[in-house]
Amino acid sequence: MEATENDKTCISKVLPILVENLSKDESAKRIKPILEFHWGKGSNGLVSAVLLDLECHLEIFPLQAEHDETGWYRFSDKAVSYEAGIKYLLETLQKILTAHDMSELKDFKSIYELYPRWEVVEDEKFEIEVIAKKSWDYILEKRVGTENYYLSLYFDGIASFDHLYRVQEEDKNLINAENFDALADKYRKKSFDKTIKDVRY
C-alpha cells in the first residue's frame, strides 16, 4: 500500500521545517498544527508510525484522539539524541515521498513505543507499573507506591473490549507465586458470574 495523498501533503509541509535545523521547541510549534490537521484523514500505517515517532520526538504527544489519557511513550530500544532522531526521521520521510513502493521502507524501526503509564479509576488518575502482560488476554498493573493491583482483561467477540478489576487481597498469593494466567482465569470467571465489576464504571 502506498502513501496516501493526505500523507504526501502532510510530509511535504513538514519536511521544509525539519531541514531548517531549528530548535526542538520551534520545530514543535510549527509542526504540531500540521500533524493535528492531517491526523485522521486517511494514512498508510507505516507513515502513521513514522509521524507518531516525530510527534513523540518533538514532545507534542498525544495529538490523536485514539491515544487516551492513560498511555505514554518511551524509547523502543536505545535512547536517541534529538539531532540523531531528527536526521533519521527526515531521511525516512524523504524516502516515503520518493519510494515507488512502501516495501522500500521495510527496514524502518520506530524510535518510540507506546505503553500504559496511568490508570483512571473513579475519576482518579494514578501512575502504574505493568507487572505482567499476555497479548490479547490480560495486563496486570500495580499502582506505583502502593500494594494495590489491577487486572485488565481483554474480551473478544462481535466487538472487542477490556474490563479493569481491582485484585482482591485474598488473590494476591497468585501474584506472589507469579501465577498470572491462573489469576486472569479466576477473574474472567468472576466477570461472567457477575461477582465483580469493572472499577472504571
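What this report covers is the structure whose coordinates are included nearby. Everything quoted here is computed from the prediction, not taken from an experiment.

Reading the values: rules and limits
Chains are numbered independently. Their residues run from 1 in the order of the written sequence. Confidence filtering applies because this is a predicted model: local features only for residues at pLDDT of at least 70, side-chain atom pairs given and counted only at 80 or more, and all residues used for totals across whole chains, interfaces and linings. Just so you know, side-chain values use all the structure's heavy atoms and leave hydrogens and water out. The working definition used for a salt bridge is a side-chain nitrogen of Lys or Arg within 4 Å of a carboxyl oxygen of Asp or Glu. Helix and strand definitions follow DSSP, with helices as H or I runs of at least four residues and strands as E runs of at least two, each counted in order from the N terminus. The rule is simple: take the accessible area with a 1.4 Å probe, protein chains only, and divide by the maximum for that residue type; under 20% is buried, over 50% is exposed, in between is partly exposed. By the criterion applied in these results, polar contacts are pairs of N or O atoms within 3.5 Å in which, for protein atoms, one can donate a hydrogen and the other can accept it, and in which residues neighboring in sequence qualify only through two side-chain atoms. Residues are treated as being in contact if the distance between any of their heavy atoms lies within 4.5 Å. Side-chain atoms within 4.5 Å link the members of a nonpolar core, which is a set of buried Ala, Val, Leu, Ile, Met, Phe, Trp, Tyr and Cys residues. At least two DSSP bridges between two strands are required for those strands to pair. Note that a disulfide, as used here, is simply two cysteine sulfur atoms within 2.5 Å.

1. Focus: the pattern of salt bridges
In step 1: The tally for this structure, following the rule as stated, stands at 18 salt bridges.
In step 2: Salt-bridge contacts for Arg-74 lead to Glu-113; the nearest nitrogen and oxygen are separated by 2.8 Å. In this pair, Arg-74 sits in strand S1 (residues 71-75) while Glu-113 sits in strand S2 (residues 112-116), placing the two residues 39 residues apart along the sequence.
In step 3: Looking at Glu-113, the relative accessible area reads 30%, which means it is partly exposed.

2. Some details on the side chain of Asp-171
In step 1: Relative to the helices and strands, Asp-171 resides in the loop between strand S7 (161-166) and helix H5 (172-176).
In step 2: Taking the relative accessible area as the measure of exposure, Asp-171 reaches 0% and is therefore buried.
In step 3: Polar side-chain contacts of Asp-171 include one of 2.4 Å to the side chain of Lys-186.
In step 4: Once residues within four sequence positions are removed from consideration, Asp-171 is found in contact with Leu-183, Lys-186, Tyr-187 and Lys-190.

3. Side note on the nonpolar core
In step 1: Core analysis: the biggest nonpolar cluster contains 35 residues, and Val-14, Leu-35 and Leu-93 have the highest contact counts within it.
In step 2: If you list the elements that add at least two residues to this core, you get helix H1 (5-18), helix H2 (24-38), helix H3 (45-57) and helix H4 (82-98).
In step 3: Beyond its immediate sequence surroundings of up to four residues, Val-14 is in contact with Ile-31, Ile-34, Leu-35, Leu-54 and Leu-93.
In step 4: Leu-153, Leu-174, Leu-183 and Ala-184 belong to the second largest nonpolar core, which has 15 residues in total.

4. So, the pairing of strand S5 (residues 138-143)
In step 1: Summarising burial for S5: six of the six residues are buried, a large majority.
In step 2: Of the two faces of S5, the one carrying Tyr-138, Leu-140 and Lys-142 and the one carrying Ile-139, Glu-141 and Arg-143 are both buried.
In step 3: Connecting strand S4 (residues 124-134) to the antiparallel partner S5 that follows it, the hairpin turn spans three residues, and Trp-136 within it adopts a positive phi of roughly 60 degrees.
In step 4: Between the antiparallel neighbours S5 and strand S6 (residues 149-155) lie five residues, among them Gly-145 with a positive phi of about 85 degrees.

5. Some details on the state of the cysteines
In step 1: Within the structure shown, the criterion is met by zero disulfides.
In step 2: Cysteine Cys-10 is unpaired, with the sulfur of Cys-56 as its nearest cysteine sulfur at 15 Å.
In step 3: Take Cys-10: its relative accessible area is 2%, and that puts it in the buried class.

By themselves these figures say nothing about function.
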